Amino acid sequence: MSRRTLLRTFLQVFAFLAGVAALVWAVRKALSPDNQQMLSRLRDADASHLVLLGALSLGTVLINGLLFQISLRPVRRLRVPDVLSVNAISTLLALAPFKVSLIFRVLFHNRRDKVPVLTIGAWMGAFAAVMGAVLTPMLAVGAWRGRADALWFALVIGGILLIAGSMLAVARLLSHETSWARFTSLVHRLPMPGAIARLLEKPDGVLARVHEGVRMLASPRSVVLGVLLRIFDTLIHAARFYIAAKVLNFPLSPEQALLAGSVFFLIGALAPAGQVGVREGGTPALLKLVLPGIDLKAFVVVVMLVSVIEIMIVLLCAGVGIAYLRPDRLFKLRKAPASSPVPEPPPEPRPEPAPGA
């Protein structure tokens, strides 16, 4: 094992253990004596509110699955139930370290749907670009304003339109064969190692797959639907925090819930070594920087309630996805025979009976 691999493994393990430590910290804060009154409210909570939290968690799992399907649609059409099932299983695996979620997603779509690995890389890039076009203005303006007021909404909508519109315009320009030929010619003239140059020169290599990613982002239907669904998903995250705060009688305005939901989702999406503990410990800490007046110890209980219900729903969705896709059949190892069987000798011919016998 190389030194770089050892270092990467060490960092993954360290980040995962840090997430576990953050989860332990969040649980201890949630169960502290100061929060016993909030926990008693949870025991007396209306079941309809908890069901609604579960339904909203289900909604965000389905929306993110649809976003993956929509991102790839300009290049390759996959069945919606298949992509939803893969996303549900990957969402569950995202709790584990070593990028197990990404590995499963790549292996499954490559083996079952025959999507090339480099195309999957372009697909993930297009998906992340649309997500960034929505979340970047939300978090940047939120960090600057410290609240979600009328100016926040105006700047966020303007930022989303500017980023998504610019991205779509540039992608549509590069999607044309003439513009792409000029771009590739410019890339080939850049100084680079010979191995990379030979890799780029392949007709079905990196540049061809990058062009597929450009075509994904050049589709107005794909980008507009992706932006709208991502905004809707952000509102669902905000609604989850708002309802959870209501259940626990925690003072949280809709604007604060919007910031909390955005931070919660982004931390989970960017977690380098699994989501365990990272969202539960990171969301209150980051939100404390944006909203200095928030009660950190009490808010941990709200985050834990949202997280626990989401994990329960993800477990259910992943179970349905496994039953539907049967990934065990796809990844089952076939054992080759140890040696070829020796053919049996043909049976000896029986003598014909004599006439009249």
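Read on for an overview of the structure. (Residues numbered from 1 in each chain as written. Predicted model: local features only at pLDDT ≥ 70, side-chain atom pairs only at ≥ 80, totals over all residues. Heavy atoms only, no water.)

## Here we look at empty space enclosed by the protein
Then, number 1: Within this structure, the stated rule accounts for two cavities of 30 Å³ or more.
Then, number 2: If you add up the space inside the largest cavity, you get close to 90 Å³.
Then, number 3: Together, L67, I70, S71, F127, V130, M131, M216, L217, S222, V223, G226 and R230 line the largest cavity.
Then, number 4: The set of elements that each furnish at least two residues to the lining of the largest cavity consists of α3 (47-72), α6 (117-145), α10 (206-217) and α11 (220-247).
Then, number 5: Counting residues per element, the lining of the largest cavity draws most heavily on α11, at four residues.
Then, number 6: Split into classes, the residues belonging to the lining of the largest cavity amount to eight nonpolar, three polar and one charged. (1 Å grid on protein atoms, 1.4 Å probe; cavity = no way out; pocket = protein on both sides within 12 Å on 5 of 7 lines; lining within 4 Å. Points joined across faces, edges and corners; volume = space filled by probe spheres on them. Helix = DSSP H or I, 4+ residues; strand = E, 2+ residues; numbered from the N terminus. Nonpolar A, V, L, I, M, F, W, Y, C, P; charged D, E, K, R; others polar.)

## Topic: the side chain of H237
Then, number 1: Here H237 lies in helix α11.
Then, number 2: Excluding residues within four positions of it along the chain, H237 makes contact with T60, G261 and F265. (Contact = heavy atoms within 4.5 Å.)

## Here we look at the nonpolar core
Then, number 1: W123, W152, F241, F250, L252, F299 and V302 are the most contacted members of the largest nonpolar core, which totals 73 residues.
Then, number 2: For this core, the secondary structure elements donating two or more residues are α3, α4 (80-93), α6, α7 (150-175), α10, α11, α12 (254-270) and α14 (296-325).
Then, number 3: If one sorts the elements of this core by residue count, α6 sits on top with 13 residues.
Then, number 4: Grouped together as the second largest cluster of nonpolar side chains are five residues, V86, I89, F108 and L325 included. (Core = buried A, V, L, I, M, F, W, Y, C linked by side-chain atoms within 4.5 Å. Buried < 20%, exposed > 50% of the residue type's maximum accessible area, 1.4 Å probe, protein only.)

## Considerations on the packing of aromatic side chains
Then, number 1: Scanning the entire structure with this criterion turns up eight aromatic pairs.
Then, number 2: With 6.1 Å between their ring centres and 85° between their planes, F68 and W123 make a pair best called edge-to-face. Remark: W123 occurs in helix α6 and F68 occurs in helix α3; sequence separation between them is 55 residues.
Then, number 3: Take W123: its relative accessible area is 0%, and that puts it in the buried class.
Then, number 4: When the centroid spacing of 6.1 Å and the interplanar angle of 20° are considered together, the rings of F241 and F299 count as stacked. One end of the pair, F241, is in helix α11; the other, F299, is in helix α14, with 58 residues separating them in the sequence. Take F241 and F299: they sit in the same class, and that class is buried.
Then, number 5: Lying over the aromatic face of F68, R105 brings its terminal NZ or CZ to 3.9 Å of the ring centre. (Phe/Tyr/Trp six-rings, centres within 6.5 Å; stacked < 30°, edge-to-face > 60°. Lys NZ or Arg CZ within 6 Å of the ring centre and 35° of its normal.)

## Focus on the environment of L66
Then, number 1: Looking at the secondary structure, you find L66 in helix α3.
Then, number 2: Sequence-wise, L66 and L225 are 159 residues apart; in three dimensions their C-alpha atoms are separated by 9.9 Å.

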